[in-house]
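Structure assessment
One-letter residues, chain by chain:
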Amino acid sequence: MDLLEIRDLRLRFETEQDSVSIVDGVSLSIGKGETLGLVGESGCGKSVTALSITRLLPEPPARYEGGQILLDGQDVLTLSQAELRRIRGRVVSYIFQEPGASLNPVWRVGTQIRETLRLHRPKEATDQEVIRWLQQVGVASPEWRARDFPHQLSGGLQQRVMIAMAVASRPALLVADEPTTALDVTIQAQIIDLLQDLQRQYGMSILLISHNLGLVARIAHRIAVMYAGQIVELGDTRQVLDAPAHPYTRALIRSAPELGRPSERLPAIPGQVPQPGQWAPGCRFAPRCDQANDLCHRTPPELLEIGPRRWVRCPYHEQ
Ligand SMILES: Nc1ncnc2c1ncn2[C@@H]1O[C@H](COP(=O)(O)OP(=O)(O)OP(=O)(O)O)[C@@H](O)[C@H]1O
Ligand SMILES: [Mg+2]
């Protein structure tokens, strides 16, 4: 059984004035010890999907309209607030783009790691353990660093401390939402490699969300491509990158500088991701797709299984 299985998830944001569909029929799974990369342009629903796994979106305005989020076989959508609190940080932990949002500015980083460890078991963590966690995430001079406040650390070090805090609770699933976007390119690769090391060591599953296809390709076993609230392609990383089946995936790959050949000009995908509530009636990508025909504009495509664990939402995927 997969650790996480999201089936046909449908989520809306509702206010007194209006109600918009944000996630519309998302299905994906993550096996134990597996990394799934989730990619797609800004605003397509990656973060709201990730936050839904432990229901971190305030309800209302969020409302789960349908589907299931099976975590170890248990449907998160049926859990009470008390049960959700038990899952957060223990079964599933998160790291985000801005370490500043998760680190407390008035506490030394060592103290924060100690607190995280304490949350998950009865006995107090020793200094040695705190230092071991800093070492584990590649922080040099951990004895000194433990006494620093977050603002004394570079962005890369802050991100490492945040990863230590997320992994120290030994989650079954680590959700990394744009974990390196704020960092420079060399540090980005180091952080991604660190996640992979920690995964090998602790056997956790990872959901890695990023705009950067090259970084995702570096460690993801499988890739899910999202567009306008839906999964449009899902498959093994190599299959998706070497033989992308959906026109949107092909466009993303063409416009990814980190994957492209340097001699090629990078065509940006023309047009923009439509806002929720303004999705095209047929295929949502049709208005931007250079291969779209009349039928594409009229009929919403189904997600087709085109191979083992391989899906695409385009009836013309062979072209
Ligand atoms: N609290 C909210 N209320 C209303 N709409 C929201 C809320 N949070 C997100 N949205 C909308 O939901 C859609 C999906 O947002 P989401 O943050 O999941 O996108 P994303 O794929 O993570 O984008 P990015 O790559 O920029 O992080 C967007 O159109 C966004 O404006
Ligand atoms: Mg996001």
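Residues numbered from 1 in each chain as written. Chains lettered and ligands numbered in written order. Predicted model: local features only at pLDDT ≥ 70, side-chain atom pairs only at ≥ 80, totals over all residues.

1. Remarks on the pairing of strand β7 (residues 173–177)
- Of all five residues that make up β7, four are buried, and the element is covered over most of its length.
- Across four bridges, strand β6 (residues 92–95) lies against β7 in parallel orientation. Paired with S93 across the strands is L174, a residue of β7.
- As paired elements, β7 and strand β8 (residues 205–209) share five bridges and run parallel to each other. Counted as the bridge partner of D177 is I209 from β8. (Buried ≥ 20, exposed ≤ 12 C-beta atoms within 10 Å, placed from the backbone. Helix = DSSP H or I, 4+ residues; strand = E, 2+ residues; numbered from the N terminus. Pairing = 2+ DSSP bridges.)

2. Concerning the site of ligand 1
- Contacts to ligand 1 come from 13 residues, most closely from F13, S42, K46, S47 and V48.
- The dominant element in the shell around ligand 1, judged by the number of residues it contributes, is helix α1 (residues 46–52), at three residues.
- Residue classes in the shell around ligand 1 are distributed as six nonpolar, six polar and one charged. (Near = placed C-beta within 6 Å. Nonpolar A, V, L, I, M, F, W, Y, C, P; charged D, E, K, R; others polar.)

3. Points about the confidence of the model for the protein chain
- Per-residue confidence for the protein chain averages 89 on the pLDDT scale, and 96% of its residues sit at or above 70.
- Considering each helix and strand of the protein chain separately, the mean pLDDT is smallest for helix α3 (residues 99–102), with a value of 71, and largest for strand β10 (residues 230–236), with 97. (pLDDT = per-residue confidence, 0-100.)

4. A look at helix α5 (residues 127–136)
- Residues V130, W133 and L134 constitute the buried set of α5. Across the axial projection of α5, the buried residues extend over an arc of 100 degrees, all falling on one side.
- In the core, the buried residues of α5 are packed alongside α4 (109–119), α6 (142–145) and α7 (155–168).
- One or two residues past the end of α5 sits G138, with phi positive at roughly 80 degrees. (Arc of directions from axis to C-beta. Contact = placed C-beta atoms within 7 Å.)

5. Some remarks on α7
- Under the 1.5 Å per step criterion, the end-to-end length of α7 is 20 Å for 14 residues, consistent within 8% with the ideal 20 Å.
- Of all 14 residues in α7, twelve are buried; the element is thus mostly enclosed.
- Turning to α7, its buried residues are L157, Q158, Q159, R160, V161, M162, I163, A164, M165, A166, V167 and A168.
- Where α7 ends, the next residue or the one after it, R170, has phi of about 50 degrees, a positive value. (Expected span 1.5 Å × (residues − 1).)

6. A word on the sheet that holds strand β5 (residues 74–75)
- A sheet is described by the order of its strands in space; here four strands give the open sequence β2-β1-β4-β5, paired in antiparallel fashion. Looking at which strands have only one partner, the edges of the open sheet turn out to be β2 (19–30) and β5.

7. Looking at the domain arrangement of the protein chain
- Domains assigned within the protein chain are domain 1 (4–91 + 171–312) and domain 2 (102–170).
- Here the C-alpha centroids of domain 1 and domain 2 sit 29 Å apart.
- Taken together, the contacts link twelve residues of domain 1 with twelve residues of domain 2.
- In terms of residue count, helix α8 (residues 185–202) provides more of the side of domain 1 that touches domain 2 than any other element does, five residues in total.
- For the side of domain 1 that touches domain 2, the per-class residue count stands at ten nonpolar, one polar and one charged. (Domains from an automatic or database assignment.)

8. Thoughts on the environment of M165
- Looking at the secondary structure, you find M165 in helix α7.
- A tally of 24 C-beta atoms within 10 Å means that M165 is categorised as buried.
- When the C-alpha positions of M165 and L195 are compared, they lie 13 Å apart, and in sequence the two are 30 residues distant.
- Contacts of M165, omitting those with residues within four sequence positions, involve Q112, I113 and T116.

9. Digging into the sheet that holds β8
- Pairing in this open sheet of eight strands is mixed, and the strands run β6-β7-β8-β3-β9-β10-β12-β11 from one edge to the other. Edge positions in the open sheet fall to β6 and β11 (304–307), since each of these has one partner strand only. Ignoring which end each strand starts from, the neighbouring axes of this sheet average 25 degrees apart.
- Against the sheet, α7 engages β6 and β7, with an angle of about 175 degrees to β6.
- Relative to the sheet, helix α11 (residues 247–254) contacts β3 (35–39), β9 (222–227) and β10, its axis offset from that of β9 by approximately 105 degrees. (Axes fitted to C-alpha atoms, helices over the stretch in contact; angles between N-to-C directions.)

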